[in-house]
Amino acid sequence: MKGIRKRVTIGFLSIVVLLFFSGLVSLFELNNMSGDIDAILGSSRRSITVSEGLLDAIHAHDRAVLRYAVLRDSMYADTCNVCYEAFVDKVQMAREEASASAVTLFDSLDMLAQRMHNVVGQLQASRVVEYVPPVQVDSLATPTPVPPVFDGWNWYNQNYLPEYNALSDGVLRVMTSAHSSLSPRAELLSRNAYRAVTPVFISLVVMIAILLMFYYFVMIYIAKPIVDMNKSLGDSLKYKIPFAVKSECRDEMAELKERIETVVNNKPIRF
Amino acid sequence: MRFSVVIRYIGIILLVLAAFMLMSAGIAYVSNVDSSYYPLVMSSLLTLLLGCFPLIFVPTPDSISTKEGYCIVVGSWLVSSVVGMFPYLMWGGEFSVINAWFESVSGFTTTGASILNNIEALPRGLLFWRMATCWIGGVGVVMFALVILPSIGRSKRMLSSVELSSLAKDNFNYRTQTIVRIILVTYVLLTVATTIALKLAGMCWFDALCQAMSACSTCGFGTKNTSIAFFNSGLIEFILILAMCISGLHFGLIYATITGKQNNIFRSEVSRVYFSIIGVSSVLIAISLWLADIYPTLWLSLRSSLFHTVSMFTTSGFSTVDCNTWTSFAILILIFCSIICGCAGSTSGGLKVDRFLVATKMIRTRLRAQRHPDAIFRTKIDGVVQDESMMGVVMVYIVTFMLLILIGTFINTLFGADLMTGFSAALACTSNVGPGFGEVGTMANYSLMPVVMKLNSTFLMLLGRLEIFGLIQLFFIRWWR
């Protein structure tokens, strides 16, 4: 293939390549975007599951403490410890699955849980919950000093509740950590979305530019010479004006022009 | 006017740009396939396609007219700036369409003004492309095409005469092809020498190459947020001062000095004025800073003042400190340096020392003529009598240059900039210096400027780089007839 056919084919092929290229780019970028969205959703789902488990564990601990300290059911002393152990185990499991940036959050959870456990431990060590004041039989006898009766509600509100609240807040922080880390991820995603559109948009602009050039070149190197030759040939046949084409001719067009010139200028024209 | 011919030559220049984009993609690939790799590869393919297309259809013309030459040169700068946006836009980050256009124009015109708040966040491939734009722009996009592509043939003379100003051709007595080769060889050798020197001074290879490209093109783009202050090294500053100083000289004079020709740097009147301005300005600024207690010792004042004087005077725009904290006297001298700038035939922008010298000599001649009305006085530079018409052109250029700065300041202040910021931004962009004073100071950037101001600045950069009249002519309808 050569001459005009070659040029026109290359012109069209360039446009096809560009179309294929922009399609490929959009597919590639959409694939990346889809991966990022999956990662964001997965991370969000994981953090909710972990937080749910941790909250269940501290709620169980809270119930046990209420039973033990407020309702003074000493049977729940061990339950408190078991619930604490369960919470620590859940934190440990979550830490192993967490990303490096989230490890510090679990460290602070550990510390808060330890402080809460210490508060309950001190209560257990003092054995004030189990203490029952002796019954005074002889009212005339000198009263022996009796420790004040343990006020469970007061202890719960003043000593335990602040620690419990701090731990709950810690768990909430773990839950929202995935969402706060979503912010840069979301930013990245928005940039990806922007990038996904930009290459396609630029390819489109380039394609329009190439199409315009193609139109221009076809007009000046193919259409215009044909129109000019046709007009000039018509004029020379009709008015016996010498055949002359001003527009630039290339390849077959130049050959055609030369051949018409030879035919028109050398051979007598019959009307 | 044959548009097909204009498109063909612009296409050739696009091929050169595509090659540089591929090189940048190579850097991105070597840097563990960083995030700029795909944008650069994609951009180079698109640019290649865009550049190749006209070559399929348009045959090599026997010659090109002056009009076509102007259109090719101006069109090349404009199209290069548009195509230069592709990698930035595809990468994303801080690059919106306006920001990418600003950064691209700033690079190609070697202005060195930036909209980036965090340069260090850019991947290496994109950093290299940023430097490549200014390195190509330093010597002129058309000059690259003239050397690399022999197919341009007889059109070389026309294109080089349009690309190089008449003053730039003064020191060359060679054929067009030789002139182009001399400029390119001097430029490449200077860049290589600066790279090696910076590496030996303690920079890594990448930083050394990038800073050398930036210094030799007198652009001032950096690889660090704090520009040269990041390196905190007297030796690096000294090497850059030397590189900037040489790049601000006429390349023909540098070549003549190296090859032992008679008309060299030491004999040229222009280069004597060039070095005198640097010396006097540096000393005056140093004394001013020392007296104002901005620096504890005179030596430190001199080091800083010399660096910034050379940086502003050669239109590089590198910085080691925030010049806004300097005295008003020092700032005024730096503004004066930003107006005059380097020599013609160098990579620097601005008014040029040559024109300043002609203007001052014309003033002296005028004064002498007033004293002796019947006497005939001639203006000479390096012993050569200057043509009256050429001197007229110089004066027109100076007036137009000042008018442009004034109009630029009007527009900037109209859209909310304070007087200092508006004026210095207009001046820094027209002279292709880059950093100015106020909110666009040496340690700040153009990111907070409104869109209109950014567009105004890019227009001024292009006008300054194309020596005003080349671009302005395209806006006259009569010119096209």
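Residues numbered from 1 in each chain as written. Chains lettered and ligands numbered in written order. Predicted model: local features only at pLDDT ≥ 70, side-chain atom pairs only at ≥ 80, totals over all residues.

## A closer look at the overall build of chain B
Helices and strands together make up the secondary structure of chain B, namely 20 helices and two strands. Taking 2.2 N^0.38 as the reference for a compact globule, 481 residues should give roughly 23 Å; the C-alpha atoms of chain B span a radius of gyration of 22 Å, in line with that estimate. With the C-alpha coordinates of chain B rotated into their principal frame, the extents come out at 65 × 55 × 50 Å. When burial is assessed residue by residue, chain B has 57% of its 481 residues classed as buried. In chain B, of all internal contacts separated by at least 6 residues, the share reaching a separation of at least 24 is 71%. (Helix = DSSP H or I, 4+ residues; strand = E, 2+ residues; numbered from the N terminus. Rg over C-alpha atoms; globule rule 2.2 N^0.38 Å. Buried ≥ 20, exposed ≤ 12 C-beta atoms within 10 Å, placed from the backbone. Contact = placed C-beta atoms within 7 Å.)

## Some details on the overall build of chain A
Helices and strands together make up the secondary structure of chain A, namely six helices and zero strands. Taken over 271 residues, chain A has a buried fraction of 24%. Long-range contacts, defined as pairs at least 24 residues apart, comprise 72% of the intrachain contacts of chain A with a sequence gap of at least 6.

## Some words on the nonpolar core
Inside soluble globular proteins, nonpolar side chains tend to come together where they are buried. With 163 residues, the main nonpolar core has I210(A), I13(B), M131(B), L240(B) and A243(B) as its most contacted residues. Per-element tally for this core: the top contributor is helix α1 (residues 3-30) of chain B, with 16 residues. Excluding residues that lie within four positions of it along the chain, M131(B) makes contacts with C210(B), M213(B), S214(B) and F221(B). Grouped together as the second largest cluster of nonpolar side chains are 30 residues, Y68(A), C83(A), F106(A) and Y160(A) included. (Core = buried A, V, L, I, M, F, W, Y, C linked by C-beta atoms within 7 Å.)

## Overview of unusual backbone geometry
Negative phi characterises most residues that are not glycine, and trans characterises most peptide bonds. Residue and element names in this part refer to chain B. Located in the positive-phi region is N232, a residue other than glycine, with phi close to 45°. Mapped onto the secondary structure, N232 falls in the loop between α9 (205-216) and α10 (234-247). In the Ramachandran plot, K352 falls in the positive-phi region, its phi being about 85° despite a non-glycine side chain. The residue K352 is located in the loop between α14 (328-340) and α15 (353-371) in this model. Judged by the 30 C-beta atoms lying within 10 Å of it, K352 falls in the buried class.

## Quick notes on the interface of chain A and chain B
Contact with chain A, which involves 22 residues of that partner, is made by 17 residues of chain B. When residues of the side of chain A that touches chain B are traced back to their parent elements, those giving at least two are α1 (3-70) and α5 (182-239) of chain A. The residue makeup of the side of chain A that touches chain B, split by class, is 14 nonpolar, four polar and four charged. (Nonpolar A, V, L, I, M, F, W, Y, C, P; charged D, E, K, R; others polar.)

## Some points on the environment of Q92(A)
Summarising the element assignment, Q92(A) is placed in helix α2 (residues 76-97). Q92(A) sits 14 residues away from F106(A) along the chain, and the two C-alpha atoms are 8.0 Å apart.

## Some points on the confidence of the model for chain B
All names here are of chain B. When pLDDT is averaged across chain B, the result is 87; 92% of the residues are at 70 or more. Per-element mean pLDDT across chain B ranges from 57 in helix α7 (residues 156-163) up to 94 in α9. Overall fold confidence (pTM) sits at 0.79, and the ipTM for the predicted complex is 0.81. (pLDDT = per-residue confidence, 0-100.)

## A look at the packing of helix α4 (residues 97-108) of chain B against helix α18 (residues 451-465) of chain B
All names here are of chain B. Relative to each other, α4 and α18 sit at 20°, their axes nearing to 10 Å. Regarding the angle of α4 to α18, the classification is roughly parallel. Considering only the axes of α4 and α18, their crossing is left-handed. The residues of α18 that touch α4, namely those facing I98, W101, F102, V105 and S106, are V451, K454, S457, T458, M461 and L462. Looking at the contact of α4 with α18, its residues break down into seven nonpolar, three polar and one charged. (Axes fitted to C-alpha atoms, helices over the stretch in contact; angles between N-to-C directions. Parallel < 35°, antiparallel > 145°, perpendicular 65-115°, else oblique. Left-handed = near helix turned anticlockwise from the far one by under 90°.)

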